Amino acid sequence: MSVNDKINLLDFNRAALETFFVANGEKPFRARQLMQWVHQRGVTDFAQMTDMSKKLREFLQENCRIERPRILTQQRSTDGTRKWLLGVDDSDNAIECVLIPEKTRMTLCVSSQLGCTLNCSFCSTAKQGFNRNLTTAEIIAQLHFAHHGLREEGYDQGVTNVVMMGMGEPLLNFDAVIAAVDMMCDDFGYALSKRRVTISTAGVVPAMEKLEQVTDVALAVSLHAPNDRLRNQLVPLNRKYPIRELMRACRGYVDGYRSRKITFEYVMLEGVNDSLEHARELVGVIGKIPCKLNLIPFNPYPHAIYRCSDAETIDRFRDYTSSKGIVTVTRRARGDDIDAACGQLVGSFQDRSRRSEKYQLSLAQVGGVTVAH
Ligand code: SAH
């Protein structure tokens, strides 16, 4: 049997592993044992899993694999942020994954797709087009790799927080993302509290409604504009699920749960969405939804058509929304010297949507000049 025909056990959350073991004549508790070896101790060699019978270890060796991502490049920012380009299969496909150290936590920013289909006008991942969804194994492998890498370096806690804010739209890869998130929160997996795992979405309304039924991890919504006219331009998905429906889905996610809050993300684009009038409109749109507002200074990349609002404008916006009772924080750009900040993750893959080709063409037409607003 070739390696690729073997079952990649990173694809299975606990429920799926139990089914797998039972189907192979084993007891369900083997799932817990295997998860402890793989996810808690970082062991990927079946021979070392000494609480399993020799026969079972041989069976696993013959039929299964635990595939870790290949590190293609590794960069470290002056602020300590690290970015990896990780090879995910044999066909040169690679994703980016970012680790953000802070005083009390280590946050890993995880990708869910090779590229993205949403084409938000301010995001550089969008310019790369789309290749495919990541598998559960490819999603959880990012955490496995970073967490155990940190432990080997002597960081006892490893990764403490995960944000699904890397490349891609997590809710358009629903099942794989949910299975991976399950493993992140599982006591026999990474045992992260549900408050420390965040799924970020541009607003896939039906999936948000489904999400509410299957998990209660933290939800971030990339809002970026207070009205449909502007949001249609910035986040084209808004044409399908306009703000009114999006807000209804947000309320659905928090209603009936005292501790749930939505994090609204709002990228600050100079002269586009950053005026006091926008702030006023935003306060009206958010209404009474329990939430936190994250203002993200726009992170530039080559040929971007936007600029970041200046610090005073951002402060003025923040002071206004705060004065209206919305907890507002300005997110510090981390890792921007290595292009590891929000919206700067591009990975490397063949674009099946041909969007990158069209983008290159349009750049050629404007002579590659940055169009300032
Ligand atoms: N598709 C999901 C996950 C991507 S998360 C979502 O839209 O939420 C990445 C976050 O960074 C999103 O809030 C996105 O809107 C924001 N972002 C994208 N490009 C950016 C840029 N150039 N500068 C700052 N933030 C950006």
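Remember, it's a predicted structure, so these values are computed and weren't measured experimentally. (Residues numbered from 1 in each chain as written. Predicted model: local features only at pLDDT ≥ 70, side-chain atom pairs only at ≥ 80, totals over all residues. Heavy atoms only, no water.)

Draft legend 1. Region of the structure containing the overall build of the protein. Across its full length, the protein holds twelve helices and 14 strands. Burial analysis of the protein (373 residues in total) assigns 54% to the buried set. Partitioning the contacts of the protein with sequence separation of at least 6, the portion at a separation of at least 24 is 67%. For the protein, the accessible surface area stands at approximately 17100 Å², while carbon and sulfur atoms represent 49% of it. Across the protein, 48 positive and 44 negative side-chain charges occur, with their mean positions spaced 4 Å apart. (Helix = DSSP H or I, 4+ residues; strand = E, 2+ residues; numbered from the N terminus. Buried < 20%, exposed > 50% of the residue type's maximum accessible area, 1.4 Å probe, protein only. Contact = heavy atoms within 4.5 Å. Areas by Shrake-Rupley, 256 points an atom, 1.4 Å probe, with all protein chains shown as cover. Lys, Arg positive; Asp, Glu negative; His and termini not counted. Charge placed at Lys NZ, Arg CZ, Asp CG, Glu CD.)

Draft legend 2. Summary view of the packing of helix α1 (residues 14–23) against helix α2 (residues 29–40). Their axes nearest at 8 Å, the elements α1 and α2 cross at an angle of 125°. Relative to α2, α1 is oriented oblique. Considering only the axes of α1 and α2, their crossing is right-handed. Two secondary-structure elements touch here, α1 through R14, L17, E18 and F21 and α2 through R30, A31, R32, L34 and M35. Its residues placed into classes, the contact of α1 with α2 shows five nonpolar, no polar and four charged. (Axes fitted to C-alpha atoms, helices over the stretch in contact; angles between N-to-C directions. Parallel < 35°, antiparallel > 145°, perpendicular 65-115°, else oblique. Left-handed = near helix turned anticlockwise from the far one by under 90°. Nonpolar A, V, L, I, M, F, W, Y, C, P; charged D, E, K, R; others polar.)

Draft legend 3. Quick peek at the side chain of Q33. Residue position: Q33 is located in helix α2. Look past the residues within four positions of Q33 in its chain and what remains in contact with it is D51 and M52.

Draft legend 4. A look at the sheet that holds strand β11 (residues 218–222). An order of β3-β4-β5-β6-β9-β10-β11-β12-β13-β14 is seen for the ten strands of this open sheet, with the pairing classed as mixed. Of all strands in the sheet, those with a lone pairing partner are β3 (70–76) and β14 (327–330), marking the two edges. The sheet shows a mean angle of 20° between the axes of neighbouring strands, taken without regard to direction. The sheet strands contacting helix α9 (residues 243–254) are β11 and β12 (262–268), and the helix crosses β12 at an angle near 145°. (Pairing = 2+ DSSP bridges.)

Draft legend 5. Expanded view of the packing of helix α7 (residues 205–214) against α9. Where α7 contacts α9, the axes come no closer than 9 Å and their chain directions differ by 5°. In this view, α7 runs roughly parallel relative to α9, as classed from their interaxial angle. Taking contact as the criterion, the partners of V205, M208, L211 and E212 in α7 are, on α9, E245, L246, A249, C250, G252 and Y253. Within the contact of α7 with α9, the residues separate by chemical class into seven nonpolar, one polar and two charged.

Draft legend 6. Local environment of the nonpolar core. Counting residues in each nonpolar core, the largest one holds 108 residues, and the members touching the most others are L34, L60, F122, M184, I262 and F264. Looking at which element gives the most residues to this core, the answer is helix α6 (residues 174–185), with nine residues. Apart from the residues within four sequence positions on either side, L60 is in contact with L9, F20, F21, L34, F46 and M52. If you look at the next biggest cluster of nonpolar residues, it comprises six residues, including V98, I100, C109 and A340. (Core = buried A, V, L, I, M, F, W, Y, C linked by side-chain atoms within 4.5 Å.)

Draft legend 7. Quick look at helix α10 (residues 276–286). Turning to α10, its buried residues number three or more, namely H278, A279, L282, V283 and I286. Viewed end-on, α10 has its buried residues packed into an arc of 140°, placing them on one side of the element. Where α10 is buried, its residues contact α8 (228–234), β12, β13 (291–297) and α11 (311–323). Directly beyond the C-terminal end of α10, a positive phi value near 55° is found at G287. (Arc of directions from axis to C-beta.)

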